[in-house]
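Each chain, letter by letter, is given below.
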Amino acid sequence: MTGIEIDLDIYPDEASLLEALKRGEPEACACLVKQYAPRVYAIAIRMLNDPDDAEEVLQETFISACKNIHKFEGRSALGTWLHRIATNAALMHLRKRKHREVSLDEPIEMAGGEDIYREVEDGSLAPDDHAMNSEVRDMLEKAIAQLPETLRAVFILREIEGYSTEETANILGISVSATKVRLHRARLRLRELLAPYLA
Amino acid sequence: MIMSAQSQHTHTNSCHEVLAHLNDYIDGELAPELCEALEAHLEVCEDCRVVFDTLNKTLYLVHQLRNTSPQLPETVEYRLFAVLNLEQFVPKKPE
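Residues numbered from 1 in each chain as written. Chains lettered and ligands numbered in written order. Predicted model: local features only at pLDDT ≥ 70, side-chain atom pairs only at ≥ 80, totals over all residues.

### Considerations on the overall build of chain A
Within chain A, the regular secondary structure consists of eight helices and two strands. The linear arrangement of helices and strands in chain A, starting from the amino end, is α-α-α-α-β-β-α-α-α-α. With 199 residues in all, chain A has 34% of them scored as buried. Counting only contacts in chain A whose residues sit at least 6 apart along the sequence, the fraction spanning at least 24 positions is 55%. (Helix = DSSP H or I, 4+ residues; strand = E, 2+ residues; numbered from the N terminus. Buried ≥ 20, exposed ≤ 12 C-beta atoms within 10 Å, placed from the backbone. Contact = placed C-beta atoms within 7 Å.)

What follows is the structure in structure tokens.
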């Protein structure tokens, strides 16, 4: 683990960390952040595809968690609870963003009245190039970012974060059957987006 | 009911049924008798087989992302500690 060094062994298990958090110990808050911030950030950046927005979600998540820790009843793991806060915060950001986004197909109007069209990078790959190099990773991340937000949230939690269908449903506050339907749609949509590269 | 392999294949409801069951099949949650029927259908339907193969490849690639999570930049971590009033844990920069 890089960055700020925190002794994570001060609290031997989640229960003792939780008790210390509820007592307001700053060491406990530092442990919580050190332990969970990387995964929260990873979820946020995959959901939002923007480092600044992801940082905002990261900060909002831990501010909210520290403020509301007394409400946490321990019915789920601490990490699951944090991921729920982060996912909801990311979805809120996406909804706000919708109001200020422009379509890639819309021309940019120049000062002289001339319209120019955005150049979109062609990410074509050689058909056999399926190794997880940075090019493939970028192509995948871009395709995931194109999924509609509700499908993207389910897909990231289930397929990348490795949560079960039940855990994903719990994090998002939706039913298991709705989670399955969204996962099904997300998988097929992503397959469509990647099909040209997988043929 | 998914059409059996013996029946003449046409793009009928059976393809839609295969697509509808594909998720459960991939997740190992499809009933054994439906698995057999689905596999039989994939044997005779190239279109569905292409969907199945590319879906598997897609998920294989996506699962590789589990090992390559975006890293939390040090500066982002520092700012997070600062915003939570945890500066006491942030190492001082050398004068």
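### Examining the interface of chain A and chain B
Contacts between the two partners involve 36 residues from chain A, matched on the other side by 28 residues from chain B. Along the lines of polarity and charge, the residues of the side of chain A that touches chain B split into 24 nonpolar, six polar and six charged. (Nonpolar A, V, L, I, M, F, W, Y, C, P; charged D, E, K, R; others polar.)

### Brief notes about the environment of E77(B)
If you trace the backbone, E77(B) turns up in helix α4 (residues 74-83). For E77(B) and V90(B), which are 13 residues apart along the polypeptide, the C-alpha to C-alpha distance reads 9.4 Å. In contact with E77(B), other than residues within four places in its own chain, are G3(A), I4(A), A37(A) and L72(B).

### Notes on helix α2 (residues 26-48) of chain A
Residue pairs three or four apart in sequence face the same way in an α-helix, which turns once every 3.6 residues. Residues and elements named next belong to chain A. The largest bend in α2 comes to about 50°, at Y36, with the proline P38 one to four residues further on. Of all 23 residues in α2, 18 are buried; the element is thus mostly enclosed. Just beyond α2, the residue with positive phi is N49, at close to 55°. (Bend = angle between axes of the 7 residues up to and from the residue.)

### Some words on the environment of M92(A)
Residue and element names in this part refer to chain A. When you line up the elements, M92 lands in helix α4 (residues 78-98). According to the C-beta neighbour criterion, M92 is exposed, with 12 such atoms within 10 Å. For the pair M92 and A195, spaced 103 residues apart in sequence, the C-alpha to C-alpha distance is 30 Å.

### As for the packing of α4(A) against helix α7 (residues 165-172) of chain A
Residues and elements named next belong to chain A. α7 packs onto α4 with a crossing angle of 55° between their chain directions and a minimal axis gap of 8 Å. As summarised for this structure, α4 and α7 are arranged oblique, according to the angle between their axes. Taken as a pair, α4 and α7 cross one another with a handedness that is right-handed. Where α4 approaches α7, its residues T80, H83, R84 and T87 are matched on the opposing element by E167, N170, I171 and L172. When its residues are assigned to classes, the contact of α4 with α7 shows two nonpolar, four polar and two charged. (Axes fitted to C-alpha atoms, helices over the stretch in contact; angles between N-to-C directions. Parallel < 35°, antiparallel > 145°, perpendicular 65-115°, else oblique. Left-handed = near helix turned anticlockwise from the far one by under 90°.)

### What to know about the domain arrangement of chain A
Residue and element names in this part refer to chain A. Here the domain parsing of chain A yields domain 1 (7-102) and domain 2 (131-199). Between the C-alpha centres of domain 1 and domain 2 the distance comes to 21 Å. Counting residues per element, the side of domain 1 that touches domain 2 draws most heavily on α4, at six residues. A breakdown of the residues in the side of domain 1 that touches domain 2 according to their chemical character gives four nonpolar, five polar and two charged. (Domains from an automatic or database assignment.)

### Quick word on the packing of α4(A) against helix α6 (residues 149-160) of chain A
Residues and elements named next belong to chain A. At a minimum axis distance of 11 Å, the contact between α4 and α6 shows a crossing angle of 150°. Between α4 and α6, the interaxial angle falls into the category roughly antiparallel. Crossing handedness for the pair α4 and α6: right-handed. Note on element contacts: α6 touches α4 through E149, A153 and L157, opposite T87, L91 and L94. Here the residues of the contact of α4 with α6 are counted per class, giving four nonpolar, one polar and one charged.

### What to know about the confidence of the model for chain B
Residue and element names in this part refer to chain B. Confidence along chain B averages 84 in pLDDT terms, with 83% of residues attaining 70 or more. Note on residues 3-9: pLDDT under 50 across the span, and ten contacts to partners over four residues away in sequence or across chains. This prediction of the complex comes with two scores: 0.77 for pTM and 0.78 for ipTM. (pLDDT = per-residue confidence, 0-100.)

### Topic: the environment of R66(B)
Among the secondary structure elements, R66(B) is positioned in the loop between α3 (46-64) and α4. Sequence-distant contacts of R66(B), defined by excluding residues within four places in its chain, comprise I160(A) and G162(A).

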